[in-house]
Amino acid sequence: MPTKNIYLKELESESIYVLREVAAQFERSALLFSGGKDSIVLSYLAKKAFAPAKIPFPLMHIDTGHNFPETLTYRDEWVKKIDARLIVKNVQDSIDKGRAKEEKGYNASRNLLQTVTLLDAIEELKLDCCMGGARRDEEKARAKERFFSHRDEFGQWNPKNQRPELWDLFNGRKNMGEHFRVFPLSNWTELDIWQYIKEENIPLPNLYFTHQREVIERDGQLLAKSDFLNLRETEKGKMMQVRFRTIGDMTCTGAVLSEASTIDEIVAEVAASRVTERGTRSDDKRSETAMEDRKKAGYF
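Residues numbered from 1 in each chain as written. Predicted model: local features only at pLDDT ≥ 70, side-chain atom pairs only at ≥ 80, totals over all residues. Heavy atoms only, no water.

**Remarks on the sheet that holds strand β3 (residues 86-90)**
Put simply, the rule reads: Here, any two strands with at least 2 DSSP bridges between them count as paired. Secondary structure is summarised from DSSP: a helix means a run of H or I of at least four residues, a strand means a run of E of at least two, and numbering begins at the N terminus for each. Angles shown run from 0 to 180 degrees and are taken between the N-to-C directions of axes, each axis being a line fitted to C-alpha atoms and, for helices, limited to the stretch in contact. Here, residues are in contact when the closest pair of their heavy atoms is within 4.5 Å.
Strand order in the open sheet formed by six strands is β3-β2-β1-β4-β6-β5, with mixed pairing between adjacent strands. Every interior strand has two partners, whereas the edge strands, β3 and β5 (148-151), have only one. Sheet twist, expressed as the average angle between the axes of neighbouring strands with direction ignored, equals 30 degrees. With three bridges connecting them, strand β4 (residues 129-131) and strand β6 (residues 179-182) associate as parallel partners. Directly across from Cys130, in β6, lies its bridge partner Arg181. Together, β2 (59-63) and β3 form the strand contacts of helix α3 (residues 69-81), whose direction differs from that of β2 by roughly 170 degrees.

As C-alpha cells, this is what we get:
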C-alpha cells in the first residue's frame, strides 16, 4: 500500500476514534455542518464510525441567510445520502428577535452573528458537545485548540486554560451549563482533505471547481456578486474563471482565480499554494486577532 494511503488511514482512524469518544462521553451532541469540504468529510467519517447504525447525533447548520444557493442544495442532498438528521437554525430569527443586530456599511456581514444563533441553539437544545471540521493548519487561533475544547457557561473559550491530552485520553468532564467543542480533524491539512476526498470519491458542491462567475474585486478579494453585497459606486461586476477554497457567507468568502476542474488539478494547486484557504476570508482580516476574538466570544 502506498505511504500516502497509510498516512490517510491513520488520520481517518484518529478522527473516527475521536467521534466514538464523543458518543461515549456526551449525551446530547451535534455535528456542525456548513456544506464545506471539511464538514462534509467529517460527516462522512461519522457515517463510517457508526455503520451499519445511523449517525447517533444530528447535523446542525447555522444558516446566515446569505449562503451560496449551491451550498444549500448540496446540504439537503448530502443529508439524505448519508441518512442523517438535520437541524437548521437561522441567523435571521436571531435578528428578528432582537438577539443580533444586522451590520451596516459596505463590509457588512452576518458571519459574526452566527455566534449568537449558535449559542442560543446550544442552550435551547441543551447540547453538551458540538463537533466541527476546523483544522489546526487553517489559522493561528485554531492552531491553539485541543481536540476537546472546553467552553464555560457563557460559551466562551479561554486559550490559556486548556486541558492536557496525553496518550489519546480526552477529558470531557464539565459543570452544569458548560459544553465542549470537539475537532476530530485537528491534525488534517487542506491537502490531506483533498487527497482523502479523492480516495473515497466523496461528492462536493460545484463551487470548489473552476467555473465562470460574476465577481467584484474589493481590497484584494474576489467576492461573488450577489444581492447580499453592498456595492460601492465604483465597484462593477466582472466575469472571471474562479473557484472557492472555502465556503461560507457570500459576503466574506473570497474566490481564487483557477482553472482546476478536477480533484487532481485541485490537489496540485493546493500543494503549490503558499496561502491558506482562510486567506480568502475577508472576515479574518478585520484585525490581527479577528478569529481568536470571535472564538473567545463563542464562535466556532
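**Description of the domain arrangement of the protein**
Stated formally: The domain limits used here are those given by an automatic or database domain assignment. Accessible-area loss on putting two parts together, using a 1.4 Å probe and summing over both, is the definition of buried area adopted here. Criterion for a salt bridge: a side-chain nitrogen of Lys or Arg within 4 Å of a carboxyl oxygen of Asp or Glu.
The domain boundaries assigned to the protein delineate domain 1 (6-193 + 288-297) and domain 2 (204-284). A straight line from the C-alpha centre of domain 1 to that of domain 2 covers 23 Å. At the interface, 31 residues of domain 1 touch 30 residues of domain 2. A buried area of about 2600 Å², summed over both sides, lies between domain 1 and domain 2, and 53% of it is on carbon and sulfur atoms. Ionic pairing is found between Glu190 and Arg245, a salt bridge with its closest N-O pair at 2.6 Å.

**Concerning helix α7 (residues 263-272)**
Note the following rule: Relative accessibility decides the category of a residue: with a 1.4 Å probe and only protein chains considered, values under 20% of the type maximum give buried, values over 50% give exposed, and everything between is partly exposed. Arc definition: directions from the helix axis to the C-beta atoms.
Of the residues making up α7, those classed as buried are Ile263, Ile266, Val267 and Val270. All buried residues of α7 lie within an arc of 105 degrees about the axis, which places them on one face of the element. Considering only its buried residues, α7 is in contact with α6 (190-200) and β9 (238-243).

**Regarding unusual backbone geometry**
A cis amide bond links Ala51 with the next residue in sequence, Pro52, at an omega value of 5 degrees. Mapped onto the elements, Pro52 comes out in the loop between α2 (37-50) and β2. Its identity is not glycine, yet Asp83 carries a phi of approximately 60 degrees, on the positive side. For Asp83, the location among the structural elements is in the loop between α3 and β3. Residues other than glycine seldom take positive phi values, yet Asp168 does so here, at roughly 60 degrees. Mapped onto the secondary structure, Asp168 falls in the loop between β5 and β6. The exposure class assigned to Asp168 is partly exposed, which follows from its relative accessible area of 45%.

**A few points about the nonpolar core**
To keep it simple, the criterion reads: Throughout, nonpolar core names a set of buried Ala, Val, Leu, Ile, Met, Phe, Trp, Tyr and Cys residues whose side chains join them through atoms within 4.5 Å.
Residues Leu19, Phe148 and Trp194 are the most contacted members of the largest nonpolar core, which totals 58 residues. The dominant element in this core, judged by the number of residues it contributes, is α2, at eight residues. Taken domain by domain, this core gets at least three of its residues from each of domain 1 (6-193 + 288-297) and domain 2 (204-284). In this structure, Phe148 is in contact with Val18, Glu21, Val22, Gln25, Phe26, Glu165, Phe170, Asn171, Gly172, Phe180, Arg181 and Val182, ignoring residues within four places of it in sequence. Of all hydrophobic cores here, the second largest spans 15 residues; its members include Ala30, Met60, Ala100 and Leu113.

**Looking at the packing of α6 against α7**
Operational definition: Note that the term roughly parallel is reserved for angles under 35 degrees, roughly antiparallel for angles over 145, roughly perpendicular for angles of 65 to 115, and oblique for everything else. Left-handed is the label given to a crossing in which the near helix is rotated counterclockwise from the far helix by less than a right angle, and right-handed is the label when the rotation is clockwise. All residues other than Ala, Val, Leu, Ile, Met, Phe, Trp, Tyr, Cys, Pro, Asp, Glu, Lys and Arg, Gly among them, are scored as polar; the first ten of these are nonpolar and the last four charged.
Remark: α6 packs on α7, axes separated minimally by 10 Å, with the N-to-C direction vectors making an angle of 165 degrees. Between α6 and α7, the angle falls in the class roughly antiparallel. Regarding α6 and α7, the two cross each other, and that crossing is left-handed. Together, Glu190, Leu191, Trp194, Gln195, Ile197 and Lys198 of α6 and Ile263, Asp264, Ile266, Val267, Val270 and Ala271 of α7 make up the contact between the two elements. For the contact of α6 with α7, a count of residues per class yields eight nonpolar, one polar and three charged.

**Looking at the packing of aromatic side chains**
As a reminder, the rule being used: Only centres within 6.5 Å qualify two rings of Phe, Tyr or Trp (six-membered ring in Trp) as a pair; their planes then separate them into stacked at under 30 degrees, edge-to-face at over 60, and tilted for everything else.
The final tally for this structure, using the stated rule, is 12 aromatic pairs. Aromatic pair Tyr44 and Tyr196: ring centres 6.1 Å apart, planes at 75 degrees, arrangement edge-to-face. A residue pair is termed long-range when its members are at least 10 positions apart, and Tyr44 in helix α2 and Tyr196 in helix α6 qualify at 152 residues. Here Tyr44 and Tyr196 have matching classes, each one buried. Arranged with centres 5.6 Å apart and planes meeting at 80 degrees, the rings of Trp194 and Tyr208 form a pair that is edge-to-face.

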